Amino acid sequence: MSRTHVSCNINGDDVEFLCDAGESLLDALRDEMRLMGAKEGCGTGDCGACSILMDGRLQCSCLIFAPEADGAAIVTVEGIADGDHLHPLQQCFLEGAALQCGVCTPGFLVAAKALLDRNPDPTETEVRYALAGNLCRCTGYDKIIRSVLAAADRMKEEVAG
Amino acid sequence: MTITEQRPSYRYVGTRPVRHDGLDKVVGKARYAADLVLPGMLYGHILRSPHAHARIVDIDTSVAEAMPGVRAVITGADFPDLPADDPERNMTRNLMARDKVLYEGHAVAAVAAATRRQARDAAEAIEVTYEVLPHTLDILEAMEPGAPLLHDDILTTGLDSEPSEPSNVANRTCYERGDIEQGFASADVVVEGEFLTKPIHQGYIEPHACVADTGQDGKTVIWCSSQGHFRVRSQTAAMLGWDTSRIKVIPAEIGGGFGGKTTIYLEPLAVELSARAGRPVKMVMSRDEVFRATGPTPGSVIRVKLGATGDGRITAAKAWLAYESGAFPGVWAMLGCMCVVSPYNVENFLIEGFEVVVNKPVNAAYRAPSAPMAAFATDTLVDEIARRLDMDPIDLRLLNCPSAGDQAPYGPKWPLIGLRECLEAIRDSEHYRSAPAAGHGRGVASGFWFNIGEASSATVNLNENGTATVVTGSPDIGGSRASMALMAAEELGIDVHAIQPVVGDTEVVGFTDVTEGSRATFATGMAVVEACRDLKGQLRGRAARMWDCDVEDVEWADGRATHSGGEHEPLALADITAEAGRTGGPLGATASLNARGAGPAFSVQVTDVSVDDETGRVTVERYTTAQDAGTAIHPDYVEGQMQGGVVQGIGWALNEEYIHDADGVMENPGFLDYRIPVASDLPMIETIIVEVPNPNHPYGVRGVGEVGIVPPLPALANAIHDATDARIRELPMSPPRVLAAINSGNGA
């Protein structure tokens, strides 16, 4: 079976890869690009562990065919930090103990970034609804929600300061 | 918030440093089992039974074996058939069916091929001829004479007379004390009810995964996600008929377990496929497979009757518990019996439990296994007593609260426990002291879990620059590495981030039991402390050698050696390790122990709910949990365990259930239809850490992982009753059930 050639930008790098027509973008990221940050928790778009940004939109990469990524700009958890400088969300997740096993964490960080990119000053309820597509079985969400709110505060201070 | 009874103040223990493994987890670098890729790696796929119960007449793999990319095909016949008395026999028959399939999803054959798709296509091309048999899914039906039998060799144990006919009831467990007739005769109030729960799944977000690489030398290396890699080794060895020395297991990061990863599903299959193919084999379950073939925790039927005097003293308890084990027997009913009235002093009781096999997946441990269902029954009825007597439900529990020296219902005398302190913490909390908002209902409940000790090992090595590496055999499922580092920092007197905590593989660290029973920080922490104390003795000896003085003249405190006579400048740990080469070589210590004296855990919780009387939807408006941690080594992760346990309990109470159709096929094997709580369902979970230190641990640790899941079931049922007058005795309390209960005027 011939494979499909895909050109796209992932975390700032122009890349090319070959994939099967029916392959998910999640599998392509992991198998072809060896970007293992996005996880498969369900493969059906229910858990959000594979969340990525595609042209700025939050997506479950398990629900996207890899060839659909041709020409797109993709951000995965590996692309959130600015070099060695962690994103405030990453820093607040660490300081706020917002992770236990950590397997859902990449998806939560990407989804929370998507929220703060469009709404820098969310309420607790807005954070809870924005993250309702991401499942965490360890934390009960409390420390995740607090950490996202803390990151929003920190980013506002950085803008103001 | 933390309420401390009395304990020393510590420099590191009780602080909240950033966890050592955190950075990798927020940048996507932490490596879980499914993230490993080896050169030449193949992919494995399992063919599973479509039937709940069937005899395997024939398996024809010839078509599959000839398909593109296929390198190996295996069935149950490729593994040794363990003798009937082997304790791992049922495990091996769960991993690969022999003779019969016992539930929908039971593994029948497996394939290794070059790509995932090739492996799946080949597995589907295996032709299995089944003779479908009648099945049984319901506990009470399965207990009846004449019910379809899963096994022809189960003769119920624990009965007064030995049965002559096999049945689906594996055993009867009984606990009895006092005179139950007299106990009920002296009661002014008697309440009773039957409580029903469904199987639910642990629901870890990471599906089971492993990679096995079997070499021509007959040895294999397994990378996997598990709660205990030494058990992966022994169970894999048992299924393959191998000596354990041929197997090395390297723990990957684990993406949640909650008890569900204390046993194995994939590893021997991957090893055997790898051996046959001569290549590494990766196996990763789909979510559908996780639901159909792993976990869950048992469904149950529990009947409890309680009697109490007019002033609220419980005089008698009678309990009948039946737990379904899935396709092979477990220990679930026995554990339920041991927990069912344990938060109460009861002089007269009769508790009997029955372990029942049904045609569903084989149950695995789930966070305080069996205790939540038992508490659902008892703590709902205790709430009824409080209402009948017009007593405050906390006061009623305080009146019947056991403390050190009282005899626990399951036998031993209670050691120092913190149930009373947890009850008082909730009673005195701002939440309990404020009235619920208009229209909201309030419920309280308490819960018990044993906690366990078991075997642990630790190696602590001091590096030449004065840092330390702490190697343990306990997979870290919720922040335990940070706790190990904190205890080592406290002992050695060096900064917590000068310590690198590591989970070692089966060949670099001594035997360590599974991370289960809330034991890692307790038992493995003890081993870490013991090794550190050995090292402190060595450090004093090295300082004595550097000073050319008697070791008795050297004291170790605050991370440095001081000379009792004051004749030498103190030596920091790094000063000594820098000179180690000249004073006797590297400094390291190992401790292996069998930890005794785990501290029993109690939690008391209060919740306020609102109930939509048009839809029956329950909204948790406020939730506060108090739990005795003994000592909270890293309070963030103690709170995390408390909050996580509560929310799993909320999911169990309100939403989660296995749904099977009439043929025994699971109808909701995905997160869309098996709905675990999401962020928008919940409020913040307020925590009160109670610290009644466990005298059997150097820092007073009790273990905090499990008990938090116990009270939510009855707490929510009691709150729903308070809001609606509907007394619901069946889980989940999902909108249709709540609505029906409200509309039927099911008041109590």
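Residues numbered from 1 in each chain as written. Chains lettered and ligands numbered in written order. Predicted model: local features only at pLDDT ≥ 70, side-chain atom pairs only at ≥ 80, totals over all residues.

Caption draft 1: Fine view of the overall build of chain B. Helices and strands together make up the secondary structure of chain B, namely 21 helices and 27 strands. For chain B, the spread of C-alpha atoms along the principal axes amounts to about 85 × 75 × 50 Å. Long-range pairs, those at least 24 residues apart, make up 79% of the contacts in chain B between residues at least 6 apart in sequence. (Helix = DSSP H or I, 4+ residues; strand = E, 2+ residues; numbered from the N terminus. Contact = placed C-beta atoms within 7 Å.)

Caption draft 2: View of the overall build of chain A. Secondary structure assignment for chain A yields five helices and five strands. Over its C-alpha atoms chain A spans a radius of gyration of 16 Å, differing by no more than 12% from the 15 Å that the globule rule assigns to 161 residues. Expressed along its principal axes, the backbone C-alpha trace of chain A runs to roughly 50 × 35 × 25 Å. Contacts spanning at least 24 positions in sequence make up 58% of the contacts within chain A whose residues lie at least 6 apart. (Rg over C-alpha atoms; globule rule 2.2 N^0.38 Å.)

Caption draft 3: Geometry of the sheet that holds strand β20 (residues 499–503) of chain B. All names here are of chain B. Spatially, the four strands line up as an open sheet ordered β20-β19-β18-β24, and their pairing is mixed. The open sheet has two free edges, formed respectively by β20 and β24 (587–595), since each of these has just one partner strand. The average undirected angle you get between the axes of adjacent strands in this sheet is 15 degrees. Each of β18 (454–462), β19 (468–472) and β24 is contacted by helix α16 (residues 520–547), which is oriented at about 145 degrees to β24, the strand it contacts most. (Pairing = 2+ DSSP bridges. Axes fitted to C-alpha atoms, helices over the stretch in contact; angles between N-to-C directions.)

Caption draft 4: Molecular detail of the domain arrangement of chain A. Residue and element names in this part refer to chain A. Once the domains are mapped, chain A shows domain 1 (4–79) and domain 2 (88–160). For domain 1 and domain 2, the distance between their C-alpha centroids amounts to 22 Å. Domain 1 puts 13 residues into the contact, and the matching count from domain 2 is eleven residues. Ranked by residue count, the leading element in the side of domain 1 that touches domain 2 is strand β3 (residues 51–54), at three residues. A per-class count over the side of domain 1 that touches domain 2 returns eight nonpolar, four polar and one charged. (Domains from an automatic or database assignment. Nonpolar A, V, L, I, M, F, W, Y, C, P; charged D, E, K, R; others polar.)

Caption draft 5: Focus on the domain arrangement of chain B. All names here are of chain B. Taken domain by domain, chain B comprises domain 1 (9–19 + 453–595) and domain 2 (370–451 + 599–743). Using only C-alpha atoms to locate each centre, domain 1 and domain 2 end up separated by 38 Å. Opposite the 17 residues of domain 1 that make contact, domain 2 presents 20 residues. If you list the elements that add at least two residues to the side of domain 1 that touches domain 2, you get α15 (480–492) and α16.

Caption draft 6: Highlighting the nonpolar core. Residue and element names in this part refer to chain B. Ranked by internal contacts, the top residues of the largest apolar core, which has 297 residues, are C210, A488, V528, L716 and I720. Take this core: its biggest share by element is twelve residues, from α16. Residue contacts for A488: discarding those within four places in its chain leaves V460, A468, V470, I499, V528 and C532. (Core = buried A, V, L, I, M, F, W, Y, C linked by C-beta atoms within 7 Å. Buried ≥ 20, exposed ≤ 12 C-beta atoms within 10 Å, placed from the backbone.)

Caption draft 7: Quick peek at the interface of chain A and chain B. With 41 residues of chain A in contact, the opposing surface of chain B contributes 40 residues. Of all elements in the fold, only α2 (88–95), α3 (105–118), α4 (124–130) and α5 (142–160) of chain A reach the threshold of two or more residues within the side of chain A that touches chain B. Per element, the largest residue contribution to the side of chain A that touches chain B is four residues, and it comes from α2(A). In the side of chain A that touches chain B, the residues fall into 22 nonpolar, eleven polar and eight charged.

Caption draft 8: Structural detail: helix α11 (residues 371–389) of chain B. Residue and element names in this part refer to chain B. With 19 residues, α11 should reach 27 Å at 1.5 Å per residue; the first-to-last C-alpha distance of 26 Å fits that figure. Counting buried residues in α11 gives 16 out of 19 residues, a clear majority hidden from the surface. Once α11 finishes, D390 follows within two positions and takes phi at roughly 55 degrees, a positive value. (Expected span 1.5 Å × (residues − 1).)

Caption draft 9: Local environment of the packing of α2(A) against α5(A). Residues and elements named next belong to chain A. α5 packs onto α2 with a crossing angle of 135 degrees between their chain directions and a minimal axis gap of 8 Å. Taken together, α2 and α5 sit at an angle that is classed as oblique. For the pair α2 and α5, the sense of crossing is right-handed. For the pair α2 and α5, contact is made by P88, L89, C92 and F93 and by S147, V148, A150, A151, R154 and M155, respectively. Within the contact of α2 with α5, the residues separate by chemical class into eight nonpolar, one polar and one charged. (Parallel < 35°, antiparallel > 145°, perpendicular 65-115°, else oblique. Left-handed = near helix turned anticlockwise from the far one by under 90°.)

Caption draft 10: Here's a closer look at the pairing of β19(B). Residues and elements named next belong to chain B. For β19, the tally of buried residues reaches four of five residues, placing the bulk of the element in the interior. Note: β18 against β19, five bridges, orientation antiparallel. What sits directly across from V460, in β19, is V470. Linking two consecutive strands that pair antiparallel, namely β18 and β19, is a turn of five residues; a positive phi of about 90 degrees is found at G466 within it. A crossover connection joins β19 to the parallel β20 through α15; in handedness this β-α-β unit is right-handed. (Right-handed = clockwise from strand over helix to strand, strands pointing away.)

Caption draft 11: Highlighting the pairing of strand β13 (residues 281–284) of chain B. Residues and elements named next belong to chain B. Of the two faces of β13, the one holding V281 and M283 and the one holding K282 and V284 are both buried throughout. In terms of strand pairing, strand β2 (residues 42–48) meets β13 through two bridges, oriented parallel. Directly across from Y43, in β13, lies its bridge partner K282.

Caption draft 12: Examining the sheet that holds strand β21 (residues 554–557) of chain B more closely. Residues and elements named next belong to chain B. One open sheet accounts for three strands, arranged β21-β22-β23; its pairing is antiparallel. At either margin of the open sheet sits one strand with a lone partner, and together these are β21 and β23 (571–572). Sheet topology note: the strand β22 (residues 560–563)/β23 ladder contains two bridges and is antiparallel. Within β23, the position partnered with A561 by the bridge is L571. Its contacts with the sheet put α16 on β21, β22 and β23, and the angle it makes with β21 is roughly 135 degrees.

Caption draft 13: Quick look at unusual backbone geometry. Residues and elements named next belong to chain B. With omega at -25 degrees, the peptide bond leading from G295 into P296 counts as cis. Relative to the helices and strands, P296 is located in the loop between α9 (287–293) and β14 (300–308). The amide bond that connects L731 to the next residue, P732, takes the cis arrangement and shows omega of -5 degrees. Positionally, P732 belongs in the loop between α20 (712–724) and α21 (735–743). The phi dihedral of D99 falls on the positive side, at around 65 degrees, and the residue is not glycine. Counting through the fold element by element, D99 comes out in the loop between α3 (89–95) and β5 (100–101). The backbone of D725 sits at a positive phi, close to 70 degrees, despite the residue not being glycine.

Caption draft 14: Fine view of the environment of B:T297. Residue and element names in this part refer to chain B. Note that T297 resides in the loop between α9 and β14. In this structure the C-alpha to C-alpha distance between T297 and V27, which are 270 residues apart in sequence, comes to 34 Å. Each residue touching T297, except ones within four places of it in the same chain, is listed here: P199, I200, N363, Y366 and P369.

Caption draft 15: Geometry of the environment of B:P80. Residue and element names in this part refer to chain B. Residue position: P80 is located in the loop between β4 (70–75) and α3. Under the C-beta neighbour-count criterion, P80 is labelled exposed, with 12 such atoms within 10 Å. As a C-alpha pair, P80 and G241 span 161 residues in sequence and 6.5 Å in three-dimensional space.

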